[in-house]
Amino acid sequence: MGKKFKPLTPKYPHMLHGGDYNPDQWIDYPEIIEKDIELMKKAHINNVSLGIFSWAHLEPKKDVFEFEWLDKVIEKLYEAGIYINLATPSGARPHWLADEYPEVLRVDEKGVRAHFGFRHNHCMTSPVYRERVRIINTKLAQRYGKHPAVIMWHISNEYGGECHCPLCQQAFRDYLKEKYVTVEKMNHAWWARFWSHTYSSFDEVESPGAISETAINGLWLDWWRFTTYQTTDFMKNEIAAVKAVNPEIPVTTNMMGLYDGLCYPKLAKEIDFVSWDSYPYWHVPNENVKEAYTESFTHDYIRCLKMKPFILMESTTGTVNWRPVSKMKKPGMHRLAILNAIGHGAESGLYFQIRQSRGSAEKMHSAVISHTGTENTRVFKEVSELGADMKKISDLIYGSDNPAAVAIIYDKESKWALNQSNGPRNCGLDYDGLCTQYYKYFWQNGIGVDVLDSSADFKDYKIVIAPMLYMYHNDIQDKLRKYVEAGGILLSTAFSGVADENDLCFLGEATDEKLSDVFGMWVEEIDALFEEEFNETFFGNDTYKLRELCEVIHTTTAETLAVYGNDYYKDFPVITKNKYGKGIAYHIAANCEIQLIEKMCSLLAEEAKITGILGNVSIPDGIGINYRENEAKRYIFVGNFSDKEKTVSLSKTYTNILNDGVVFDDVKLEPYGIVILEEDV
Amino acid sequence: MGKKFKPLTPKYPHMLHGGDYNPDQWIDYPEIIEKDIELMKKAHINNVSLGIFSWAHLEPKKDVFEFEWLDKVIEKLYEAGIYINLATPSGARPHWLADEYPEVLRVDEKGVRAHFGFRHNHCMTSPVYRERVRIINTKLAQRYGKHPAVIMWHISNEYGGECHCPLCQQAFRDYLKEKYVTVEKMNHAWWARFWSHTYSSFDEVESPGAISETAINGLWLDWWRFTTYQTTDFMKNEIAAVKAVNPEIPVTTNMMGLYDGLCYPKLAKEIDFVSWDSYPYWHVPNENVKEAYTESFTHDYIRCLKMKPFILMESTTGTVNWRPVSKMKKPGMHRLAILNAIGHGAESGLYFQIRQSRGSAEKMHSAVISHTGTENTRVFKEVSELGADMKKISDLIYGSDNPAAVAIIYDKESKWALNQSNGPRNCGLDYDGLCTQYYKYFWQNGIGVDVLDSSADFKDYKIVIAPMLYMYHNDIQDKLRKYVEAGGILLSTAFSGVADENDLCFLGEATDEKLSDVFGMWVEEIDALFEEEFNETFFGNDTYKLRELCEVIHTTTAETLAVYGNDYYKDFPVITKNKYGKGIAYHIAANCEIQLIEKMCSLLAEEAKITGILGNVSIPDGIGINYRENEAKRYIFVGNFSDKEKTVSLSKTYTNILNDGVVFDDVKLEPYGIVILEEDV
Amino acid sequence: MGKKFKPLTPKYPHMLHGGDYNPDQWIDYPEIIEKDIELMKKAHINNVSLGIFSWAHLEPKKDVFEFEWLDKVIEKLYEAGIYINLATPSGARPHWLADEYPEVLRVDEKGVRAHFGFRHNHCMTSPVYRERVRIINTKLAQRYGKHPAVIMWHISNEYGGECHCPLCQQAFRDYLKEKYVTVEKMNHAWWARFWSHTYSSFDEVESPGAISETAINGLWLDWWRFTTYQTTDFMKNEIAAVKAVNPEIPVTTNMMGLYDGLCYPKLAKEIDFVSWDSYPYWHVPNENVKEAYTESFTHDYIRCLKMKPFILMESTTGTVNWRPVSKMKKPGMHRLAILNAIGHGAESGLYFQIRQSRGSAEKMHSAVISHTGTENTRVFKEVSELGADMKKISDLIYGSDNPAAVAIIYDKESKWALNQSNGPRNCGLDYDGLCTQYYKYFWQNGIGVDVLDSSADFKDYKIVIAPMLYMYHNDIQDKLRKYVEAGGILLSTAFSGVADENDLCFLGEATDEKLSDVFGMWVEEIDALFEEEFNETFFGNDTYKLRELCEVIHTTTAETLAVYGNDYYKDFPVITKNKYGKGIAYHIAANCEIQLIEKMCSLLAEEAKITGILGNVSIPDGIGINYRENEAKRYIFVGNFSDKEKTVSLSKTYTNILNDGVVFDDVKLEPYGIVILEEDV
C-alpha cells in the first residue's frame, strides 16, 4: 500500500501538461501569441514555464524594469486556464550587466574570461551577480508572487558548469579552510607529499585544470564538491529573494538527469520538489530498449532525491536539434515516454517548447506548435491526445507512491573519483552503463527500484546492489554491514571499496574498511582487458563473457559460485557468496555481459522472494513495467519500448484506465504501445 | 553558336603555359636561374608568375627598395619569350613590417594575436598595412606596369581567413550600422531576443567565436559577409594602386575553387577576370571519377563568376606535399587535367611551381624542374609534350565560349547558413557533394552546365536544379516562380526554402515564400537517418536507397511520382511533380544514392528535350565530356578519368585536333586519355 | 671475446635489485617504513633510489633545510644492506619556489606560462632555478656525498619537454648567433627567402609553434637542437654541484628509451653511465613479439650511447596505471623482461616502485609492495625469486660485454627532419617501426647489433643498415663510402639521403652527396600509397607486399635484384645491389612487409658470413636471443616472448646458470620462459 503525497503545486493540484513558452520572442507579433493560446487550449495544455530567458526584456537597462508585456501574457494565459511556472532569469543575463560588470562572466580553467554570449555563463561567486539576481528576483516576486496563476518558481535554468575566476578561487580556499582547518590535514587528505606538491598554506591552492595542478585526486574531488556547494549557495540566494515575498509558492530547479557536474542529492535539499529535463535519444538502431531502461533509471534517481513525486520539466515533442542525427519521435513514442515518466513518479508532461523559435540556435528544435503555426501536424495531434489522456488519469494517479524493495547505489562522488583516478582502465569504465544494466531486470519484471547514493539509509530494502562502488564513504561500510547482518542481500562488483572519501586507497589485505568481513574475500590484483578481449565463466548452465576488469581474489569465508575460465587466473573465483549474520553478500569480480547481470539479479530476487508486480509471468524483452500506488489502488504501467509488437501474459484481470477497458489473459502491445492497469492494493 | 570573347591578356593573347617561379630563392645561384630559363624554353613555357612572396627582397627595410634583381630576371625571361604575371606581394609581409606594426598581424577568435610566421596572416582592416601595400604596389607598378613582358597583375595570393582584432571589430560594427541603421532591426534580423541576447547598441557587437557569442545564426552570417566585404575592400585598395599607374593591365586574383571562407561572386565583381588554383586529389582508390566531376563542376563555378573564360593560375605537375598521402600523377593524368580545364573555359595551364624550392615547407612539392635540375624526368617530359599540344590548339580554341542549357544553383551564403544552423543532421550534410552529384549526369553526357548562385538570372536555361537550397534570398522565389511559369523545368531537394537571408525560418504551412505554390506541396516534418540507416523508394523499374534526410510532405497540387518504402512515413510522397504555368517543378524529399540522382537528371533532360553534344549515344561511366564553341567551330573534349580503357561510340565523323586525325565510329581512350573533336557549329 | 668493463658503481659492484622508494610519503607512518625494509630484505633488494621528488620536504621553506628524516631512512636502509641512488630533486619544485619566482615555470608555444602543478615543469634557462638547484644539490652532496651507502647520483628525473619563455627565447638567439655568426648564413641554412620569411637580425628569431613560425624546417631543427643543448647545459650545472663535493660518485640521469624530445647521444656525453626507464606494453594481443624486439632494440640503443653496460633505472613489477588499458604482467613476464635487459647490458633490475603510494596520480601503479602491505602477493613472490636469481648470476655476468657485428643507424636528428618535413606521406612514416623491423632478424637469431646514430664510426662492422636515413649529416656519406670501399655491406631504404643537416634537399641527379656512386642508382620520383594500397615484388621464390613509399629509381652501375609488380613503374627496379670497392651496397626502394625485411637481413648475414650465436639452427618466431661475454665465458639469453611453448634446438651442450642444469639437444621454453646458457668463449 503506497503513500498519498501532498500536491507538489497546491494551487493547482493536477497533472501538469504544457512546457516552456517564450512570448518575449513574439512581442512584435501579438497575433501569434493569440493563436498560440488558442492552440494550447486545443492541446489540453494547462501549464507553461515563463520568463526563463527574459531578463533583457524585464530589465532592459540597469534598474529600469518593464513588466507590462509579461503582465499581459500572464493574464491571457490565466484566462485560458493555463497556470504559470515563473522562472528567475539568472540563466542568461542582459548585455548591459556583462558590460558594466565583467566579473559576472565565467573564467575557464586556463584563466580566460568568457565574453558575453552562450547561455549559462555566470560566475556563482560574484557578489555583483548575486545582488543583481536578488533584485530582479525580488521584483518578479513582488509583482507576480501572489498572482493566482503562478504555481511554482522555476529557479534559474539547468545549473551547471564551473568558474575559475579569482573570486571563485578565493571562495574555494575559504571552503577548504573551513573543511580542513589546518593545511597539514589537507596535505594528508590529498596525499600531497607525492611529487613534492605539498602546500604550505591554503593561499597556495588553485583550482585544478589544464595549466595548473592535475595530479592530486583529492584536489579534483574537493573542487567538484566546492562547485556543488557554491552552486547550491547561489541557488539559496535566489530562493531567499522569492520566498521573502511569498513563502507559500514552492520552488524547484530543473536538473539534468545523470549530469556529472553537480552532486544533485546536495542541491535537492534546498528546494521544495525536484524537477528535471529529459532528452533521451530514441530510435538509435538497436538501442531503444537500453535507452528506455536508462531513462527509467534516471526517473527513479530523480524521484529518490526527495523520495516523492517530481516534475518532468522539459522533454521534447519530436526532434531535438543538437544531436549529430536528430531523429523524429515515431508515432506513439511521445505518449509512451511521458506516461512512462508518470509511472515513475512524474506529475507532469512538460515540453521544451510550446512554439518553435524563428531564429537562433534552437529554431529547428521541435515544439507543440511548429513553424507552420497550425494544428495540422502529427506532433500537435499526438500532444493533444496525450493531453486528454493525462486529464483522464490525473485524479487517479496524482500524488501516489512508487514503492520499492530494491535499492541500487548510484553515487556521484564515487563516480567522480572513479573517472578521475588513473587506474586499470583509463579508456572507459562505464559507471552509468553498469548501474543501469543492474536496473534492467527489475524494470522489465515490474519490481520497484530506488536509486540512491551512499548517504542514504538502506535498512528497509530486501536487496541492495552496489555496482563498482569505487569509493566507500558516508559510513557506507557500517551501514551495509548492519544491513547484511540483519538479513539483507547485498551485491557488489569489481573495483569496489578501493578508496576512501579523499580517494586514498585502503591499506591492508582483508580488512573491514573494504568490507572483507562481509564479502568473505579480498582482492589481490586487478587485470584489465582490451575492448575486444574477453575472459569467460561457466555459471548455472551457461557460459558468459567477462570483460574490462578482472579481479584476482582470494576467498576467506565466502563460497565460490563460479570461476574464471581463462588466463593465468583460470579457476580463481569470479562469483562469490558469503553468509554474514542473517544475510548474504555476493561479489562479481569482473565486468560481464548483461545476460550474466540479469541472471544474477534473478537469483537475488529469488533469494529475496520478490516477484514482479504482474506475478509469476514471463515478461518479454523490450517491455518495461513500473507502478504507482495509493492507499487503495495500484496503477501498473506496461510499456513496449521495442519496434515489434509484444504480448504480455497476465495472471489476473485488470482495468486499463486509458480506454476504460477490462484486460485479462494477454495484452497485445503495438510498437511503443502502453497500457495502465488498475488493481486494488 | 558560341561567343568569341576578347583576350583576357591583350598583350599576349594566347594560351598561357608556365606557372609560379621564385627566382628570389636562387639569387645566390645565378647559374640555376640560367638553366631554369633554358629548360622553360624546352618545355614550351611562355608565362610565369613572379614576385608572389618577394616583399622581403623588394623592400628589405622600410622604404628601402631593391628592384635590380627582379629587373634582371624579367629581362632574361622576356628575352626568352616568357611573359610575366606580376604579383603584388601582400600575401606575406617582411619581418620588419610586423615588428614595427604588430597591428598588421591577425587576431584569432580567442583574441590571441598571431606572431610573425605562416603565410597569409595579415589584418584586412589595418590602415598601416593597407598603406604599406599601397606603397609597394605603386612602386612595382611604376617600375614594371608598362613593361612589355607584364601581361597581368596577380593581386596578392589566395585571399582568405578572418581577423578578430579591435580594428576589424570596429569595422564590423560600422558595417552592421550601415546595413541595419537601427539596432532594433538588427535584433529582429538576428532573432536576438532568444536567450536574452538582445543588443542595446551596435557597440555591444563582437565577432562570433569560441569564447564569445555562438548562438545567433544571423551574427555568424553577417560576420562572414563582412569578411568577404572587408577582403574585397582590401583588394580594391591593392587594385587602385596598380591601376593608377597603368589601367590597361588587367588584374586578377587567384581563388581557391569551392573555398567557403569568401563569397567569390562578390569578389569577382572587382577584377578583370577570374583565376584559380586547382589541387584535386587524383588517384584516391575508387574516387577518381568523383574527383573529376567535382573538379569540372568547380571549373564551371569559376567560369560563371564572370561568365567568360578564366585562368587556371596554379595546378600541380605531379605530387603535392601537404596531403596525408601525396600521390604522383600517373602518366597522362596531368595532360588530361589541364586539357579538361581548357575544355571548361581555362585559357592556360599554369603550375605551382616551375622549380622545386630547396628548403622550407614546400620543398617536396613537385615542379616542372625537380631537385635534379634536369630534363630527364617523366614529369618534365609530360609537361613539355603538353606545352606543344597547347601551342597547337591555342589559335583554335582561345577566346571561345562554353554554352549551357542547364543551371545548377550553388549558393555560398545558403551553404554558410545550412552548415551553421543546428538542424536535423549536425554530423554532416554534404552540400558540395550533393551539388556535384547533380552535375555528374550532364558532365558525363556532354551537356553544358552553368554553376551559379542565387543572385543570377535563370530565365534562359531549360533546366534549373537547386539542390538543398536551404536559404531563399536574392528574390530567388520570384525568379524561380517566373522561370517555371514561363516554361522552365525546376528541381529542388530536401531541406530547401527553410529560411530567409537572415536565417529566420519562414512561417506558415504552404506559403509562396517557400514556393509551395510552384512545387504544389508543403513540408510537415523532417526526419534524419544515421549514416548506415536507409529508407527506400521504388521509381521507374528500380528501388533506390534514401538517406540522411527524409521530409514528410503533403502535396497540394503536385502529382506523386514515388513514395517512401519504409518507416512511419511509408507511402508518403518522396518524388513529386507539379505543373505550374508552362513549366514543371520537381521535388525530391529525401537525399538519395547517386543512381536516383542520375535517373532524375535523365528524366529532366528528356522533358527538356536536351541531348548530349555527341548525340544519341550512350556514354560509359568514367568519361567526362565538355565543349567550347566560337562562331564557326565546336571543340568537344572527351576525357577518360578512369583507370580502364573506355570506348566512346560516335554518331558522326570529327577531326581530333590533337593529332590531326579523323575520328569516326568508336574512340578508344586509354586510362587518362583525352581527345578534342572538332566540328562545325 | 668480450671486454670486461669497470663497475658502473664501484662502491657496490654488483647487479642492483630494487627501485624507486618514496619514504617521504610515509613520514607519519614509521611502522610502514620499518615493514617495507623488512619486506625489501625478503625480496633480495639491495638498492633504492631516494629523493626524486623530495625537494618540498628537504627545503620546506627557502633556505630552511630538513635532512633528519632522510638521515634516518638512509641509516636504516644501509643497516639492511640496501644501497642508495640519491636523486637531485630538480624534477619537481616546492610551491614556495614557484610562488616567489614564477620565471622557473615553463611557458608553452602559445606564450602561456604554466601554473604550479604537473611534475616536470621547469624552465631550463632560468638563472634563479639553476641557482636554487645548485644550492639544494650542494646541500645534498655535502650531507650524503660521502656516505658509504650512496653509490650514484640520480640527476633529476626524466629530463624532457621544452620552454618558450623570454629567457629561453634569448638563449635560443644566442645559440643561433654562436652557430651561424651572420644572419645571412642562418637565412641560407633555413632557406628563409621562401615566403619572404627572411630574417634581418637574430633578434627577430622566435621559437617555432602554433602561433608563430611553422614553415621553416631548419628553424624547427635548430629549436630541437637548442632544447637538447640547453637541457644538457642545465644538467651540467646540476652535475657540477655534486661533483664539486665528491667527484668519485658516478652520475647518471634516467632516460626514456626512444623519446624524441632530446638527442640522447649529446646528453650521454656528460654523464658517467647511462640509465633508462622502460615501460613496454606487454600482452597487447598479437603484439608481444613486436614489443619484445622493440624493447631489445631500445636496450641496445641505450647501451651504445656510451658503448658499455647501463642501468635499468625504472621498470614495472606489474601494471602501470596510465595506459588506456593497464594489463598485469602475466606470470614469468617480469622475470623474462628483466633478464632480457641484463642480456642486453643492464647491470640492474630496478622498479618504479617499491611501495604503492596511497593517493594522487600514481596510486594504482603496481609496486613490489602493494596497498596490502604484505608478501602474500604473486608480484612480491615473483620479484623475490628474481632477486635470488640476480644474486646468483651477478658475479658471472656483471661487467661483461655485448659484442656486435651489425650496426643499425638510428638517427634522432634525421627522424626529427623526416617527421617535420612535409613530404610524400604526412599521415605517418614509422621510423622507429622500420628500424626495429630491421633489428628483428638479428635479435631472433642471436646476432649482436649495435644501434648508433650517424655520428658513430662504422668501420668495424660487417653489416651496416641505414633504414630511411632521410638526413645525411655528420659526414655520413664519407664514412659509409669508405666503409663499403673497404669491404663493408651496406643497406639503405626508400626516402634516404634526401636532405642535409639543415633539411635542405640535395640538388642534382646522381650525385655523391646522395651516395649515388656507392648505391649505383638515383631516384627520380617517389610515389606514396594509402594505408590499404599495395604494390608487390617477386624476390627469391616469393611475392612480397610493398607499401607506403615507392621510389622510381634508375640504376647506373647497380644490378637489379627485384622489380615492381604493378602501377606505372611496373618493372622498374625495387631492390638493387651495387658492388663498390670491396663491398656491396643494397637499396630497397619501397617500404615493405616484414617478411621481405627478414629475407633481406638473412641475405646480408649470408653475404657477411655471420651466423647466430647458437650456430646453424633454426630459431622459431617468438624467441629472442642475445648474449654477453667476458674474457672467458659467454652467457646466452634465450627468451620466449610468445604465449606458446617453444622449442629451441641446440647444436651443442651448455650450462643453464639459472638452475645449474646441463642443457643439450632441445630447450623447451614455456610461455615467457628464459634460460641463460653458459659456454666458453
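That block above? That's the structure.
Residues numbered from 1 in each chain as written. Chains lettered and ligands numbered in written order. Predicted model: local features only at pLDDT ≥ 70, side-chain atom pairs only at ≥ 80, totals over all residues. Heavy atoms only, no water.

Under the defined criterion, the tally for this structure stands at 125 salt bridges over all chains. Here D680(A) makes a salt bridge to K633(A), at a shortest N to O gap of 2.7 Å. One end of the pair, D680(A), is in strand β27 (residues 674-680); the other, K633(A), is in strand β22 (residues 633-640), with 47 residues separating them in the sequence. With its nearest N and O atoms 2.8 Å apart, the salt bridge here joins K327(B) to E533(C). Separated into two different chains, K327(B) in the loop between β8 (311-314) and α11 (333-343) and E533(C) in the loop between β14 (521-528) and β15 (535-539) make up a pair that spans both. (Salt bridge = Lys/Arg side-chain N within 4 Å of Asp/Glu carboxyl O. Helix = DSSP H or I, 4+ residues; strand = E, 2+ residues; numbered from the N terminus.)

All names here are of chain C. Taken in spatial order, the six strands make up an open sheet running β5-β4-β3-β2-β1-β9, and their pairing is parallel. Both edges of this open sheet fall to β5 (251-252) and β9 (348-351), since each of them pairs with a single strand only. Of the strand pairs in this sheet, strand β3 (residues 83-87) and strand β4 (residues 150-154) are connected by four bridges, and their pairing is parallel. When the sheet's bridge partners are listed, A87 is paired in β4 with H154. (Pairing = 2+ DSSP bridges.)

Residues and elements named next belong to chain A. For helix α11 (residues 333-343), the tally of buried residues reaches 10 of 11 residues, placing the bulk of the element in the interior. Every buried residue of α11 is listed here: M333, H334, L336, A337, I338, L339, N340, A341, I342 and G343. Just downstream of α11, G345 is the residue with a positive phi angle, here 120°. (Buried < 20%, exposed > 50% of the residue type's maximum accessible area, 1.4 Å probe, protein only.)

If you look at the biggest cluster of nonpolar residues, it comprises 658 residues, and the most contacted ones within it are W190(A), W190(B) and W190(C). Excluding its chain neighbours within four sequence positions, the residues that come into contact with W190(A) are L176(A), Y180(A), Y199(A), V205(A), I216(A), G218(A), L219(A), D222(A) and S360(C). (Core = buried A, V, L, I, M, F, W, Y, C linked by side-chain atoms within 4.5 Å. Contact = heavy atoms within 4.5 Å.)

Moving on, we get to the state of the cysteines. Residues and elements named next belong to chain A. If you walk through the whole model with that rule in mind, you get zero disulfides over all chains. C123 takes part in no disulfide bond, and the closest cysteine sulfur to it belongs to C168, at a distance of 3.6 Å. What makes C123 buried here is its relative accessible area of 0%. (Disulfide = S-S within 2.5 Å.)

The next thing to look at is the sheet that holds strand β11 (residues 449-452) of chain C. Residue and element names in this part refer to chain C. If you walk across this open sheet you meet the seven strands as β11-β10-β12-β13-β19-β18-β17, and the pairing is mixed. The open sheet is flanked by β11 and β17 (559-563), the only strands paired with a single partner. Averaged over neighbouring strand pairs, the angle between their axes works out to 15° when direction is ignored. In this sheet, strand β19 (residues 583-588) lies alongside strand β18 (residues 573-580) in antiparallel orientation, the contact comprising six bridges. Within β19, the position partnered with I575 by the bridge is I588. Lying over the sheet, helix α10 (residues 288-306) contacts β10 (406-409) and β11, oriented at roughly 65° with respect to β11. (Axes fitted to C-alpha atoms, helices over the stretch in contact; angles between N-to-C directions.)

What follows deals with the pairing of strand β18 (residues 573-580) of chain A. All names here are of chain A. With seven of eight residues buried, β18 is to be regarded as a mostly interior element. One ladder, built from four bridges, connects strand β17 (residues 559-563) with β18; its direction is antiparallel. Across the sheet, the residue bridging to A562 is I575, located in β18.

Relative to chain B, chain A is turned by 120° and slid 0.0 Å along the rotation axis, the superposed coordinates differing by an RMSD of 0.0 Å. Taken together, the turn and the small shift mark the pair as related by a three-fold rotation axis. Rotation axis and chain A: the residue whose C-alpha lies nearest the axis is V112(A), separated from it by 6.4 Å. (Least-squares fit on C-alpha atoms with pLDDT ≥ 70 in both.)

Quick look at the layout of surface pockets now. Residue and element names in this part refer to chain B. One number sums up the size of the largest pocket: a volume of about 970 Å³. Taken together, 43 residues make up the lining of the largest pocket; nearest its centre are R119, H120, E158, M256 and W322. Secondary-structure elements contributing two or more residues to the lining of the largest pocket are β7 (275-277) and α10 (288-306). Per-element tally for the lining of the largest pocket: the top contributor is α10, with four residues. Split into classes, the residues belonging to the lining of the largest pocket amount to 18 nonpolar, 13 polar and 12 charged. (1 Å grid on protein atoms, 1.4 Å probe; cavity = no way out; pocket = protein on both sides within 12 Å on 5 of 7 lines; lining within 4 Å. Points joined across faces, edges and corners; volume = space filled by probe spheres on them. Nonpolar A, V, L, I, M, F, W, Y, C, P; charged D, E, K, R; others polar.)

Attention shifts here to the interface of chain A and chain B. Each partner contributes residues to the interface: chain A has 55 residues there, and chain B has 49 residues. Roughly 4,600 Å² of surface becomes buried between chain A and chain B when both sides are summed, with 55% attributable to carbon and sulfur atoms. Contributions of two or more residues to the side of chain A that touches chain B are made by α2 (55-58), α4 (95-100) and α12 (378-397) of chain A. A breakdown of the residues in the side of chain A that touches chain B according to their chemical character gives 25 nonpolar, 17 polar and 13 charged. (Buried area = accessible area lost by both parts, 1.4 Å probe.)

What follows covers unusual backbone geometry. Omega for the bond connecting F352(B) with Q353(B) falls within 30 degrees of zero, at 25°, which places this linkage in the cis form. Following the sequence through the fold, Q353(B) ends up in the loop between β9 (348-351) and α12 (378-397). Phi at N286(A) is positive, roughly 65°, even though this residue is not glycine. Within the secondary structure, N286(A) is located in the loop between β7 (275-277) and α10 (288-306). Overall, the relative accessible area of 81% leaves N286(A) in the exposed class.

Attention now goes to the side chain of H164(A). Residues and elements named next belong to chain A. Along the polypeptide, H164 turns up in the loop between β4 (150-154) and α6 (166-180). Under the relative-accessibility criterion, H164 is labelled buried at 7%. A polar contact is formed between the side chain of H164 and the side chain of E162, at a distance of 3.0 Å. (Polar contact = N/O pair within 3.5 Å; in protein donor to acceptor, adjacent residues only side chain to side chain.)

Let us now look at the interface of chain C and chain A. In this complex, chain C contributes 55 residues to the contact, which on the side of chain A involves 49 residues. Together, F118(C), R358(C) and S360(C) form the three largest contributors to the area buried by chain C at its contact with chain A, with a combined 15%. Along the contact surface separating chain C from chain A lie five salt bridges. At the junction of chain C with chain A, the criterion picks out 34 residue pairs in polar contact (both at pLDDT 80 or more). Looking at the side of chain C that touches chain A residue by residue, the classes come out as 25 nonpolar, 17 polar and 13 charged.

All names here are of chain B. It is at 9 Å that the axes of helix α14 (residues 431-445) and helix α17 (residues 594-608) come closest, and there the two elements cross at 55°. In this view, α14 runs oblique relative to α17, as classed from their interaxial angle. As α14 packs across α17, the resulting crossing turns out to be right-handed. Packed against α14, whose contacting residues are L434, Q437, Y438, K440, Y441, F442 and Q444, the element α17 presents I594, I597, E598, C601, S602 and A605 at the interface. (Parallel < 35°, antiparallel > 145°, perpendicular 65-115°, else oblique. Left-handed = near helix turned anticlockwise from the far one by under 90°.)

The next thing to look at is the side chain of S54(B). Position of S54(B) relative to the elements: it lies in the loop between β2 (47-50) and α2 (55-58). On the basis of relative accessible area, S54(B) is assigned to the buried category, the value being 1%. S54(B) has contacts with D24(B), W69(B), P89(B) and S196(C), leaving out every residue within four places of it along the chain.

To continue, consider the packing of helix α5 (residues 127-144) of chain B against helix α8 (residues 217-245) of chain B. Residue and element names in this part refer to chain B. Remark: α5 packs on α8, axes separated minimally by 8 Å, with the N-to-C direction vectors making an angle of 30°. Taken together, the axes of α5 and α8 are roughly parallel relative to one another. Crossing of α5 against α8: the hand is right-handed. Along its contact with α5, which presents Y129, R130, V133, R134, N137, T138, A141 and Q142, the element α8 presents Q230, D233, F234, N237, E238, A241, V242 and V245. Looking at the contact of α5 with α8 residue by residue, the classes come out as seven nonpolar, five polar and four charged.

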